[in-house]
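An overview of the molecular structure
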Amino acid sequence: MLTQDQIDFFNETGYLVVPDAVTASELATIKTDFATWVEDSRSHAQSYGEMINGKPRFDTETGHCAEKPLLRRVNAPHEISPAFFNVMSNSRMTDMVADLIGPDVKLHHSKINSKLPGAATAVKWHQDFPFTRTAMTPLVTALLMMDDVDEENGPLEVCPETHRGPLHSLWHDGTFTGAVANDVTENARKNHVTCLGKAGSVCLMHTRLLHGSAPNKSTNPRTLFICVYSAVDAMPLSPSPVPCTYQGAHCTRP
């Protein structure tokens with residue numbers, strides 16, 4: 001699925017944006033399922049549903065209400081939607097990941113991160129690897145753009161080549177913040193690249209790469225289906241941040 005130039009670019013920078021990572025039909029079906037969940041969230045005053053670890057499956061943002069639904073996360077949507085399962089396990093996106101760390105890959109976890117119009121959610125600069133420590137080969141996070149992503153609706157921002165640098169602590173003054181130190185953030189912002197694309201595009205990202213995103217300042221949604229993969233022989237060194245069924249399942253086309 002990927003050219004050698006694209007693979008080399010990923011290895012050098014730690015990220016790669018590719019259009020048409022899923023078919024139009026695949027995109028339409030997952031968008032329909034997510035729209036159904038957004039509509040259903042109107043009947044809930046707070047986060048709801050239950051994962052296998054007892055935590056909510058559907059996470060709502062402060063200010064969520066029936067009139068203005070702010071569903072910001074769906075944990076492990078592949079467990080409850082055949083459409084999301086298919087995209088996660090058997091799509092062009094899966095093949096692209098296999099080109100980077102394959103030939104065979106397996107699922108680590110999946111989730112949807114959404115910034116609906118008016119959402120205030122901002123993601124502080126961080127690296128994913130502290131949450132997904134794995135021995136041997138690197139993990140790749142595939143961030144599938146379910147909507148058109150532009151400068152105004154909270155796009156992903158990455159700092160190229162930081163996957164080859166140090167791992168930065170997410171603890172400061174004895175408190176877990178989920179973010180790197182202020183000086184690291186400032187340097188990342190000075191050198192950042194904004195990942196834009198049409199719906200159906202994917203950003204493939206090394207899990208050691210520094211990244212973050214700003215709030216959605218537009219009237220357009222920005223929804224990402226996020227799947228994290230490893231090579232089949234990679235051994236996890238810490239629990240998954242999103243425990244799920246099918247964790248470790250092979251995701252390779254026949």
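Quick summary incoming for the structure in this document. (Residues numbered from 1 in each chain as written. Predicted model: local features only at pLDDT ≥ 70, side-chain atom pairs only at ≥ 80, totals over all residues. Heavy atoms only, no water.)

**Re the sheet that holds strand S7 (residues 156-158)**
The test is simple: In this analysis, strands are considered paired if DSSP registers two or more bridges between them. Only DSSP runs of H or I covering at least 4 residues are called helices, and only runs of E covering at least 2 are called strands; the numbering of each starts at the N terminus. Only the stretch in contact is used when a helix axis is fitted, and all axes are lines through C-alpha atoms; the angle between N-to-C directions ranges over 0 to 180 degrees.
Taken in spatial order, the four strands of this open sheet run S5-S12-S7-S10, and their pairing is antiparallel. Strands at the two margins of the open sheet, each flanked by one partner only, are strand S5 (123-126) and strand S10 (193-195). Recorded for the sheet is a direction-independent mean angle of 25° between the axes of neighbouring strands. Across two bridges, S5 lies against strand S12 (residues 211-213) in antiparallel orientation. Bridge assignment links Val123 to a residue of S12, and that residue is Ser213.

**Brief notes about the packing of aromatic side chains**
Stated formally: In this analysis, rings of Phe, Tyr and Trp, with Trp reduced to its six-membered ring, are considered paired at centre separations within 6.5 Å, and the interplanar angle assigns stacked below 30 degrees, edge-to-face beyond 60, and tilted for intermediate values. Using a 1.4 Å probe on the protein chains alone, a residue whose accessible area is under 20% of its type maximum counts as buried, one over 50% counts as exposed, and one in between counts as partly exposed. To sit over a ring, a charge needs its Lys NZ or Arg CZ within 6 Å of the ring centre and within 35 degrees of the ring normal.
Throughout the structure, instances matching the rule amount to eight aromatic pairs. Measuring from ring centre to ring centre gives 5.9 Å for Trp37 and Phe58, while their planes differ by 65°; the resulting arrangement is edge-to-face. Of the two residues, Trp37 is situated in helix H2 (residues 24-41) and Phe58 in strand S2 (residues 58-60); the sequence distance between them amounts to 21 residues. Judged by relative accessible area, which is 11%, Trp37 ranks as buried. Classification of Phe58 by relative accessible area gives buried; the value is 9%. Among the aromatic residues, ring-to-ring pairing joins Trp37, Tyr48, Phe58, Phe84 and Phe225 into one connected group. One residue, Arg208, lies across the ring of Phe129, its end atom 5.8 Å from the ring centre.

**Thoughts on the pairing of strand S6 (residues 140-145)**
The side chains of a regular strand alternate, residue by residue, between the two faces of the sheet. For S6, the buried fraction is high: six of the six residues fall into the buried class. For S6 and strand S11 (residues 202-206), the ladder comprises five bridges, and the chain directions are antiparallel. Among the inter-strand pairings, Leu144 is bridged to a residue of S11, identified as Val202. In terms of strand pairing, S6 meets strand S13 (residues 222-231) through six bridges, oriented antiparallel. Pairing of Met145 across the sheet is with Leu224, part of S13.

**Description of the packing of H2 against helix H3 (residues 82-89)**
What counts, and what does not: In what follows, roughly perpendicular refers to angles from 65 to 115 degrees, roughly parallel to angles under 35, roughly antiparallel to angles over 145, and oblique to any angle outside these ranges. A crossing counts as left-handed when the near helix is turned anticlockwise from the far one by less than a right angle, and as right-handed when that turn is clockwise. Working rule for contacts: check all heavy atoms of both residues, and any pair within 4.5 Å makes them a contact.
Look at H2 against H3: their axes get within 8 Å of each other, and the N-to-C directions meet at 135°. With respect to their mutual orientation, H2 and H3 come out oblique. Every pair of crossing elements has a handedness; the one defined by H2 and H3 is left-handed. Judged by residue contacts, Glu26, Thr29, Ile30, Asp33, Phe34 and Trp37 of H2 engage Ala83, Phe84, Asn86 and Val87 from H3.

**Re the environment of Gly197**
Summarising the element assignment, Gly197 is placed in the loop between S10 and S11. It is 19 Å that separates the C-alpha atoms of Gly197 and Asp95, two residues lying 102 residues apart in sequence. Sequence-distant contacts of Gly197, defined by excluding residues within four places in its chain, comprise Met145, Asp147, Asp148 and Val149.

**Some remarks on unusual backbone geometry**
The omega angle of the peptide bond from Gly102 to Pro103 is 20°, so this bond is cis rather than trans. For Pro103, the location among the structural elements is in the loop between helix H4 (92-101) and strand S4 (105-115). Of note in the backbone geometry, Glu161 takes a positive phi value of approximately 75° without being a glycine. Mapped onto the fold, Glu161 is located in the loop between S7 and strand S8 (171-172). Its identity is not glycine, yet Tyr246 carries a phi of approximately 75°, on the positive side. By relative accessible area, Tyr246 is classed as partly exposed at 45%.

**Here's the deal with H3**
Residues of H3 that are buried: Ala83, Phe84, Val87, Met88 and Ser89. Packed against the buried residues of H3 are H2, H4, S4, S6 and S13.

**As for a nonpolar patch on the surface**
The line we're drawing: What makes a patch is a set of residues exposed beyond 30% relative accessible area and free of salt bridges, joined within 9 Å when like-charged and within 5 Å when nonpolar (Val, Leu, Ile, Met, Phe, Trp, Tyr). All accessibility values rest on the Shrake-Rupley procedure with a 1.4 Å probe; residue burial counts only the protein chains present in the view. A carboxyl oxygen of Asp or Glu within 4 Å of a side-chain nitrogen of Lys or Arg is what we treat as a salt bridge.
A surface patch of nonpolar side chains, about 320 Å² in accessible area, is lined by Phe131, Trp171 and Phe176. On the accessibility criterion, Trp171 (53% relative accessible area) is exposed.

**Digging into the environment of Ile112**
Here Ile112 is to be found in strand S4. On a C-alpha basis, the gap between Ile112 and Leu224 in space is 5.6 Å, while along the polypeptide they are 112 residues apart. Excluding its chain neighbours within four sequence positions, the residues that come into contact with Ile112 are Phe34, Trp37, Arg72, Arg73, Val74, Pro77, Phe84, Thr223, Leu224 and Phe225.

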